[in-house]
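# Overview (structure and organization)
Okay, here's what each chain looks like letter by letter:
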Amino acid sequence: MKKVLLFIILIFFLSGCFQKPGLEKSRIDYRIGNSFIRLYIDHSGHATAQSGRLIERGDNSFVIGRILDSTKFTVKAGGEFISRLKKNNKPVIEAGNGYSRTQIFLGDSLCYDTKVYSSNFWKLYSIISEDIPNEFNPFKTHQFD
C-alpha cells in the first residue's frame, strides 16, 4: 500500500515538472464611444474576439456591460506579434485628441496605448490585421459607423 501511495505521489510530482509553461497572451482593447472590441492572441496564434457595449469607462480601463458578439480564429503571426511586444522595454504612449483608443497588453502589462495611430503602431498592428475577421477588426468594421 505504501508503494502504491509513493508511486502516485511520484507521478503527480513528475507530471508537474514536465508541464508546458502557460502560453503568453496579448490583449488588444479598442474603444470608441460606448463600444469596444477586445482581441486575445496567444503565441501559437489562437485568437478570440469580442465586441459589445461599455457600462463604465475610465482613463485606463473599462467595464464590459454587454458582449454582443464573439468568435475564435487564427492569427498566423501571433508569435511574431508577441515577440515584437516583448521588445518594448517600456510602454509606448501616444497621446492625442482622438475619439478612439487602442491599448495593447502582454499579460497584464500595458505595452502600447494610442489615440493617434502612428506609423510605429501600424508596423506592429499590420502583421496581424489581415487575419482578424473584418467585423472584429476596429479598422475594417462598419459597426461604429
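Preceding this section is the structure that the text describes.
To start, this report covers the structure provided alongside it.

Turning our eyes to something else, we now look at the overall build of the chain. Looking only at helices and strands, one finds 3 helices and 7 strands in the chain. From first element to last, N terminus to C terminus, the chain shows the α and β order α-β-β-β-β-α-β-β-β-α. Buried positions account for 37% of the 145 residues belonging to the chain. A fraction of 48% describes how many contacts in the chain between residues 6 or more apart in sequence connect residues 24 or more apart. Summed over all atoms, the accessible surface of the chain reaches about 9300 Å², with 54% contributed by carbon and sulfur.

Counting through the fold element by element, glutamate 94 comes out in strand S5 (residues 92-94). Glutamate 94 sits 22 residues away from valine 116 along the chain, and the two C-alpha atoms are 6.4 Å apart. Looking at glutamate 94, its side chain comes within polar contact range of the side chain of serine 118, at 2.4 Å.

On to the pairing of strand S1 (residues 25-32), then. By the criterion of burial, S1 is predominantly enclosed, with 7 of the 8 residues buried. Where S1 lies against strand S2 (residues 35-42), 8 bridges are found, and the strand directions are antiparallel. Directly across from serine 26, in S2, lies its bridge partner isoleucine 41. Between the antiparallel neighbours S1 and S2 lie 2 residues, among them glycine 33 with a positive phi of about 60°. Relative to strand S6 (residues 100-106), S1 runs antiparallel, the two sharing 7 bridges. Following the sheet pairing, isoleucine 32 is matched in S6 by serine 100.

With that settled, the discussion passes to the packing of aromatic side chains. If you walk through the whole model with that rule in mind, you get 11 aromatic pairs. Each ring, one from tyrosine 117 and one from phenylalanine 121, has its centre 5.2 Å from the other, and the planes form 70°; the classification is edge-to-face. As far as the burial class goes, tyrosine 117 and phenylalanine 121 line up, both buried. Stacked on the ring of phenylalanine 105, the Lys or Arg arginine 27 has its end atom at 4.0 Å from the ring centre.

This part covers the pattern of salt bridges. With the rule as written, the count across this model stands at 7 salt bridges. Aspartate 131 serves as the salt-bridge partner of lysine 76, at 3.9 Å between the closest nitrogen and oxygen. Of this pair, lysine 76 sits in the loop between strand S4 (62-74) and helix H2 (78-87) while aspartate 131 is found in the segment after helix H3 (119-129), placing the two residues 55 residues apart along the sequence. Classification of lysine 76 by relative accessible area gives exposed; the value is 77%. Salt bridges sharing partners connect three or more residues here, namely Arg27, Asp29 and Arg38.

What follows is about the nonpolar core. Ranked by internal contacts, the top residues of the largest apolar core, which has 24 residues, are Ile28, Leu39, Ile104 and Ile128. Elements with a contribution of two residues or more to this core: S1, S2, strand S3 (46-57), H2, S6, strand S7 (109-114) and H3. With 4 residues, the top contributor of residues to this core is H3. With sequence-adjacent residues up to four places away left out, isoleucine 128 is seen in contact with Ile28, Ile41, Val75, Ala77 and Phe81.

Cut-off values and rules
- Residues numbered from 1 in each chain as written.
- Predicted model: local features only at pLDDT ≥ 70, side-chain atom pairs only at ≥ 80, totals over all residues.
- Heavy atoms only, no water.
- Helix = DSSP H or I, 4+ residues; strand = E, 2+ residues; numbered from the N terminus.
- Buried < 20%, exposed > 50% of the residue type's maximum accessible area, 1.4 Å probe, protein only.
- Contact = heavy atoms within 4.5 Å.
- Areas by Shrake-Rupley, 256 points an atom, 1.4 Å probe, with all protein chains shown as cover.
- Polar contact = N/O pair within 3.5 Å; in protein donor to acceptor, adjacent residues only side chain to side chain.
- Pairing = 2+ DSSP bridges.
- Phe/Tyr/Trp six-rings, centres within 6.5 Å; stacked < 30°, edge-to-face > 60°.
- Lys NZ or Arg CZ within 6 Å of the ring centre and 35° of its normal.
- Salt bridge = Lys/Arg side-chain N within 4 Å of Asp/Glu carboxyl O.
- Core = buried A, V, L, I, M, F, W, Y, C linked by side-chain atoms within 4.5 Å.

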